[in-house]
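Residue strings, one per chain:
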Amino acid sequence: MRHLLWVILLSAAISAAPVELFVAPGGNDAAAGTKAAPLATVQRARDAIRELKAGGRLTDGAVITLAGGVYYLPATLTFQPEDSGRAGAPIVYRGAPGANVILSGGQPVANWRVAGNRWQAKLPDGSNFTQLFINGERRFRPRWPRQGYAYATGNIAPTPDVAERGANRLRFEKGALRADQANLDDVEVLCFHTWSVSRMRLAKVDDAARIATFRRPTWHPSMAGLGAGTRYLVENVKEQLGQPGDWYLDRPTATLTYVPMPGEAPERALVIAPRLTTLVQFQGDIAGRRWVEHLEFRGLTFAHANWLLEPDGHSLPQAESGMAAAVTAEGLRDSVFEDCRLTRLGGYALELGNGTKRVRVERCELTDLGGGGIKIGPGAPPDDEGVAGHNTVRDCLIAHGGRMHPPAVGIWLGFAHHCELSHNEIADFYYSGISAGWTWGYGDTPTRANTIADNHIHDMPQRVLGDEAGIYTLGVATGTVISGNVVHDQVGVPWGVGIYLDEGSSGITVENNLVYRCTTHSFNVNYGRENTARNNIFGPILDDGAPLLRCGRMEQHLSMALHRNILLYDVGHLVDNAWPRANCELDSNLYWNRRGNAPRWGDLDLAAWQAKGQDVDSVVADPMFVDPEHGDYRLKPGSPAAKVGFKPWDYSKAGRLTNHTFTKSWPAVYAPAIPPPPAAVADDFEDGQPGAKPSFGTALEDSEAASLRLTAETAASGKQSLKFTDAAGQPNFYNPHLLYNPGYDHGTARVSFDLRLEPGAPFEHAWRDGGQPWKTGPALAFGADGWLTVQGTKLLEIPRSVWVHYQLDCALGDKADGTYTLTVALPGQPPKVFAKLHCDDGFRKIAWCGFVSVANGPAVIYLDNLNIEPR
């Protein structure tokens, strides 16, 4: 039979035509490889091509046709340089016309025993997987709670060995965890932060104190903290097994238990458990300049990739950028994925890694993803041959992701240039749609000249995570164009943004984009250099306290030029307070507030704004959209948009070119977040070693000279307090500072603390509501001259180098009356009460509670016995 195979290969080579091989699930790897006598595996077909190439007898490429059916891969299918085609003569792996061809990394589960409403199967020893698919549908492991989330009940410092690397302890609710739970090593705790999620393994459970200690810290002590109010889920809990669709793998006994959905029966169920983490990999040799090239994959489905939690747990800073993909490529060149499906996967679907160039992904569907869709350029190699570039992702559906890992994104582009991401539909994720760039600030990066065009990005992050965007950028990206995209329904907690230029984003042109129905900002420039936004429609936001446009940092260079845009809003306000002071250039824009309110740029009306040389040729008028309430942003005849030079474009062309089918009714995995129950903060700063940062709250420093650290030098009670040390020459006058985010919005809030001011030290304490611009509630200013001042009025001279106790009480929500009460207890004196002190009008919520050193030179302040509580 092997001889017959060679005869077929040689005859094809002699006839100067591509070699043809056929593969079928019922084939035989010892067969001839003809349509009548197909091979059984893709691996054998690959090896046959490899053998023919080695003999110098493959001159015109090859076509390997796979018959319909499931091909269970015994191991990762690997392609190396010797498996390459050549220009004009590629090696093509394709599905037979009309066939459903699945390359599976899973294994079917059979031999079920039925006991009551449960199916059980004995698996091979060592079986380990975290996903299960029944008749093509994803099923989930049992979790607690069944609905919504649990919330950390209080603060707890990390263990000493963790120090300032992150957080590793959590105070849990009654019923969440027990030390005697079955297979405690396999229980996973998902801890939700603002834009990331840590999936933690348990090291210890203290039942009496209700404290869980994890095997590793989260990635950051404050941005991934585990303090009071932290949302979490407990997953893979054997004791919770029982709801239809639940399954549980008891690894010590290798027993799989499944609770069937109504109507399911073992004899009619195809049950697949993933086994391989990587289904296909392309291994080029970047250092040796040996590429895998000229391969084409058409009409194939890649499915059932495993993902296993690391032994110590999993916590990444952003976008799950380090997560593995089912199909991975390094050093892949001039290759194609066309009309393929990547589905039912554990991590990312496809990674175009270092050294990948001119790879085209077109008309593919990436759905039901445990993580994200596509990653491009994970590293920044020293020379361009190792940098990803000139890759294309076009006309693809990338949807229903983050099923296991909510922070994963639709397309992540890290270090890459001249890539095109166009005409894709990206939807139903729990974080961002497209994330481009991976450098914070203005450092060197190979990322440049990428095109993000004509994509339809919608329905994310669905109130699960925040600080995200439909299109999000980082770092210098000279020549990058974001054009023709339609971005809507970016509903985040607390932020959901349409287009977000973050952390040094520079050299980017944003034009002809339609953005609407985002939580906080249609367009957000945190900080950057020489960016341009022109001819966009920035439509209404959802948050009444947020600005349509946001600018995060004021810098000397030109940050942003906005020309010929239409800006429509009703709730919220036009810009935040930074725009009037930022180095931006605005002109020829059309502004309109649907409630009839005149636009303002901070405290400036249009005339005052124009007097500063801004928006001189801009217009305030109704742009006359057809039906913006229902997403119809076409302009009616006679629209004043023409007066500012705005040029309409056909935004209906955004999204897929060839297939517009999208299923919105895909089952949700994570519920929208709701605010946690109000939790008190009580910190005596005894929990931690001297010299460490405080365990709770967020401590911000600019340098070692200006720090915020625990100290045993003095204390109002106990042995330790928190020492603020300020110094001259700090980049930000407000650092060091300590902040908390209580989130109280009703009843009465009380903040009390002990403060010791050393001579000449100015200090401030304030409450803010979290709006943009924020409203300030109670606010105390301690001058270097020793006086305590409130809204410019001197109240009391405060002695230095002694501990003084302060208490502030303020009504919130419907009870707010714009005033608060301050009580000051000086040593040896009766408390002094100052009532009816004034807040900003409209202050109703304490979202931010800060303690700030505002010295311009050396200063020392001590803080102790801090309590923040709802009453």
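Above: the structure in question.
Residues numbered from 1 in each chain as written. Predicted model: local features only at pLDDT ≥ 70, side-chain atom pairs only at ≥ 80, totals over all residues. Heavy atoms only, no water.

Asks: Help me out: how do you make sense of the overall build of the protein chain in this one?
Replies: When its secondary structure is counted, the protein chain shows 3 helices and 75 strands. Since a compact globule built from 871 residues should have a radius of gyration of about 29 Å, the 30 Å found for the protein chain is in line with a globular shape. Across its three principal directions, the C-alpha atoms of the protein chain cover 105 × 70 × 55 Å. Taken across its 871 residues, the protein chain has 59% of its residues classed as buried. Of the contacts formed within the protein chain by residues at least 6 apart in sequence, a portion of 76% connects residues at least 24 apart. (Helix = DSSP H or I, 4+ residues; strand = E, 2+ residues; numbered from the N terminus. Rg over C-alpha atoms; globule rule 2.2 N^0.38 Å. Buried < 20%, exposed > 50% of the residue type's maximum accessible area, 1.4 Å probe, protein only. Contact = heavy atoms within 4.5 Å.)

Asks: Teacher, can you tell me more about the nonpolar core here?
Replies: Across soluble globular proteins, nonpolar side chains show a tendency to be buried alongside one another. Within the largest apolar cluster, 99 residues are counted, with the highest numbers of intra-cluster contacts made by I64, F282, F337, I376 and F523. Excluding anything up to four places from it in sequence, I376 contacts L352, A388, N391, V393, W412, L413, G414, F415, A416, C419 and L421. If you look at the next biggest cluster of nonpolar residues, it comprises 48 residues, including L710, F763, V824 and L863. (Core = buried A, V, L, I, M, F, W, Y, C linked by side-chain atoms within 4.5 Å.)

Asks: Whenever I open this one, the sheet that holds strand β11 (residues 137–139) confuses me. Can you help?
Replies: In any sheet, the strands associate via hydrogen bonds between backbone groups, in a parallel or an antiparallel arrangement. Overall, antiparallel pairing links the 4 strands, which are arranged β7-β21-β10-β11 in an open sheet. Pairing within the sheet leaves two strands with one partner each, and these edge strands are β7 (106–109) and β11. Pairwise comparison of adjacent strand axes, ignoring direction, gives a mean angle of 35 degrees for this sheet. Of the pairings in the sheet, the one linking strand β10 (residues 132–134) to β11 comprises 3 bridges and is antiparallel in character. Counterpart to I134 in the pairing with β11 is E137. (Pairing = 2+ DSSP bridges. Axes fitted to C-alpha atoms, helices over the stretch in contact; angles between N-to-C directions.)

Asks: Looking at this structure, I do not really get the pattern of salt bridges. What am I missing?
Replies: Pairing between side chains of opposite charge can happen when their charged atoms approach one another. Counted according to the given criterion, the structure contains 50 salt bridges. In this structure, the salt-bridge partner of E351 is K375, at a minimum N-O distance of 3.1 Å. One end of the pair, E351, is in strand β30 (residues 348–352); the other, K375, is in strand β33 (residues 374–376), with 24 residues separating them in the sequence. Relative accessible area serves as the criterion here: at 15%, E351 is assigned to the buried category. The salt bridge partner of D817 is K836, with a shortest N-O separation of 3.6 Å. (Salt bridge = Lys/Arg side-chain N within 4 Å of Asp/Glu carboxyl O.)

Asks: Would you take a moment to explain helix α2 (residues 42–54) for this structure?
Replies: Residue pairs three or four apart in sequence face the same way in an α-helix, which turns once every 3.6 residues. The terminal C-alpha atoms of α2 lie 18 Å apart, and with 13 residues this matches the ideal 18 Å at 1.5 Å per residue to within 8%. Along α2, the residues classified as buried are V42, Q43, R44, A45, R46, A48, I49 and L52. With its phi angle positive at about 70 degrees, G56 sits one or two positions after the end of α2. (Expected span 1.5 Å × (residues − 1).)

By themselves, these figures tell us nothing about what the structure is for.
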